[in-house]
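# Secondary and tertiary structure notes
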Amino acid sequence: MRIILRIFVWPVILLLGMLCFLGTIAYKVAAYVISPFLLLGLGCCIYCLVQARWMDLAIFAVIELGILLALFVMIGLVIHAENLRDWMRSLLSS
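Thresholds, definitions, all that
Along every chain, residues carry numbers that run from 1 in the direction the sequence is written. The predicted nature of this model means local features are confined to residues of pLDDT at least 70 and side-chain atom pairs, given and counted, to a pLDDT of 80 or more, with totals for whole chains, interfaces and linings taken over all residues. Side-chain metrics rest on all non-hydrogen atoms present in the structure, leaving aside hydrogens and water. Only runs of H or I of at least four residues qualify as helices and only runs of E of at least two qualify as strands under DSSP, and these elements are numbered from the N terminus. Buried residues are those whose accessible area, probed at 1.4 Å on protein chains only, stays under 20% of the maximum for their type, while exposed residues exceed 50% and partly exposed ones sit between those limits. We call two residues in contact when some of their heavy atoms are within 4.5 Å. Each residue after the first adds 1.5 Å to the expected span of a helix. Two axes define the bend at a residue: one fitted to the seven residues ending there, one fitted to the seven starting there, and the bend is the angle between them. Axis lines are fitted to C-alpha atoms, over the contacting stretch for helices. Their N-to-C directions set the angle, which ranges from 0 to 180 degrees. Throughout this description, any angle smaller than 35 degrees is read as roughly parallel, any larger than 145 degrees as roughly antiparallel, any in the 65 to 115 degree range as roughly perpendicular, and the remainder as oblique. It is the rotation of the near helix from the far one that decides the hand of a crossing: anticlockwise by less than a right angle makes it left-handed, clockwise makes it right-handed. Residue polarity is assigned by list, with Asp, Glu, Lys and Arg as charged and Ala, Val, Leu, Ile, Met, Phe, Trp, Tyr, Cys and Pro as nonpolar; anything else, Gly included, falls into the polar class. Within 3.5 Å is the distance limit for a polar contact, defined as a pair of N or O atoms, with the added protein rule that one can donate a hydrogen and the other accept it, and that residues adjacent in sequence qualify only through two side-chain atoms.

## Quick word on the side chain of Arg 85
Locating Arg 85 in the fold gives a position in helix H2 (residues 54–93). Exposure remark for Arg 85: the relative accessible area of 16% places this residue in the buried category. Ignoring anything within four residues of it in the chain, the contact list for Arg 85 reads Ile 13, Leu 16, Gly 17 and Cys 20.

## With respect to helix H1 (residues 2–51)
Its 50 residues place the ends of H1 68 Å apart at the C-alpha level, agreeing with the 74 Å of an ideal helix rising 1.5 Å per residue. Of all the bends in H1, the greatest, near 35°, is centred on Ile 34, and the proline Pro 36 appears no more than four residues after it. Considering only its buried residues, H1 is in contact with H2. Residue Ala 52 follows H1 closely and has a positive phi angle near 60°.

## With respect to the environment of Ile 3
Within the secondary structure, Ile 3 is located in helix H1. Note on Ile 3: relative accessible area 57%, which makes it exposed. Each C-alpha atom of the pair Ile 3 and Leu 92 lies 9.9 Å from the other, and the pair is 89 residues apart in sequence.

## Things to note about the packing of H1 against H2
Axis separation between H1 and H2 bottoms out at 7 Å; the angle between their running directions is 160°. The orientation of H1 relative to H2 falls into the category roughly antiparallel. For the element pair H1 and H2, the recorded crossing hand is left-handed. In terms of residue class, the contact of H1 with H2 is built from 35 nonpolar, five polar and seven charged.

## As for the environment of Phe 8
Mapped onto the fold, Phe 8 is located in helix H1. C-alpha separation for the pair Phe 8 and Leu 57, spaced 49 residues apart in sequence, amounts to 52 Å.

## Quick notes on the side chain of Thr 24
When you line up the elements, Thr 24 lands in helix H1. Judged by its relative accessible area of 18%, Thr 24 falls in the buried class. Here Cys 20 takes part through its backbone oxygen, which lies 2.7 Å from a polar atom of the side chain of Thr 24. When neighbours within four sequence positions are excluded, Thr 24 is seen to be in contact with Val 78 and Glu 82.

As structure tokens, this is what we get:
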């Protein structure tokens, strides 16, 4: 029974390992690429706040928060995949 469990769990562990590696690279690259645009959006938000352009401020703020939320969701998925992979490894080693 133990060997059958190992046969089915090892490919899942390898798949999760690749997912974690690629996800880590993806969110780091995305953070470096998106961060200048986030700073530009922050500047636009400040400009709209000073000029009292409330609708434009709301649009920029929603876009900024959406981008940040997407980055945090991506990081959260990678963390959960790493935790699942570690749990499966500990299940096999016990």
